[in-house]
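So you can see what is in the structure, the chains are spelled out below.
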Amino acid sequence: KLLELQQLDPKKTWGISSEPSSVGVMALLMRARARAPLGARGVATSVVRLGGSPPFLHLPPAPPPEFEPDGTPKKYPLHQPIWDHGYEWEHWTLLPAGVFHTVYYGDFAQDYPPYWAWLQSYPMWVVSPIMIVAAITFMVVFQNAGSIGIRPKRYTIEWMQANRERERMENTNPVTRYLDRRRTERGGTWIAQYKLPWHPYWLWMHDTHDPDYPEFYLPAPESPHLDQNSYKRMNVTFKNEEE
């Protein structure tokens, strides 16, 4: 309504005082919005300072070679070694420079030692998984390097057999064993907790015995806990008959 009255007589304030008020500010905002054309700004058509800038989906070609006035190729002094290892790849990309500009940045194989040049000669999607797996493997080995050769008594064959006897007497974890048995009855189901090693010493403890408990002797380690098939022998002890 205020806009209609203002259009009738632009010189008259029509209740809008010179001092800022809620009604006056609202009328000014409505007039500014009415004058602003719709669809004039977008993400790809706005500058970076206004939250826009288009995504770089297609990079421009490499810059052309530069020449001296006499026609010879222009040379720049380099304070770094140039490697001659046979790799000649070039990687170009756009990088931001400040707020309003970008620079075209190039990586050259001759700037890197042979091992880095060889590694970067392959695509990133090929090298990244290999590097990640290698880093994780190195971290696991380095973290457990201090435990190599250590043989804790609780992981000997006799102690694990005694642990199964305790679980049998206490009927430990019957619900999980029941659910695992239901899964195996539906078909071939591989349950990881009964197959994978469950302590970091398994590589060198496959034949480690504890002579203090001969009643639980086994020639080779078995499952460290009761499994889904243990319900068949819950009334049979794990101790040897020779005891």
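Above this text you will find the structure in question.
Positions within a chain are numbered from 1, following the residues in the order the chain's sequence is written. Where totals are concerned, whole chains, interfaces and linings use all residues; where local detail is concerned, this predicted model gives features only for residues with pLDDT of at least 70, and gives and counts side-chain atom pairs only at 80 or more. In computing side-chain values, all of the structure's heavy atoms are included and hydrogens and water are not.

Chemist: What should I look at first to understand the pairing of strand E2 (residues 101–108) in this one?
Modeler: Side-chain positions along a regular strand alternate between the two faces of the sheet. Of the strand pairs in this sheet, strand E1 (residues 90–97) and E2 are connected by eight bridges, and their pairing is antiparallel. Pairing of Trp-92 across the sheet is with Gly-106, part of E2. Between E1 and E2, which follow one another and run antiparallel, lie three residues, and Gly-98 among them has a positive phi close to 75°. Two strands pair under a simple rule: DSSP has to find at least two bridges between them. Labels follow the DSSP assignment, with helices taken as runs of H or I lasting at least four residues and strands as runs of E lasting at least two, numbered in each case from the N terminus.

Chemist: What is the right way to read helix H4 (residues 124–143) from this model?
Modeler: Side chains three or four residues apart in an α-helix point the same way, a direct result of the helix having 3.6 residues per turn. Look at H4: 28 Å from first C-alpha to last across 20 residues, which is about the 28 Å you get at 1.5 Å a residue. Buried, partly exposed and exposed residues are distinguished by accessible area as a fraction of the type maximum, computed with a 1.4 Å probe on protein chains only: under 20%, between the cut-offs, and over 50%, respectively. Little of H4 sits out of view: just one of its 20 residues are buried. Here the expected length of a helix is defined as 1.5 Å per residue gap, with one fewer gap than residues.

Chemist: Which parts of the structure should I look at to understand helix H5 (residues 157–170)?
Modeler: The end-to-end C-alpha distance of H5 is 20 Å, a good match for the 20 Å that 14 residues give at a rise of 1.5 Å each. Within H5 the residues assigned to the buried category are Ile-157, Glu-158, Met-160, Gln-161, Asn-163, Arg-164, Glu-165, Glu-167 and Arg-168. Of the residues flanking the end of H5, it is Asn-171, one or two places downstream, whose phi is positive at about 50°.

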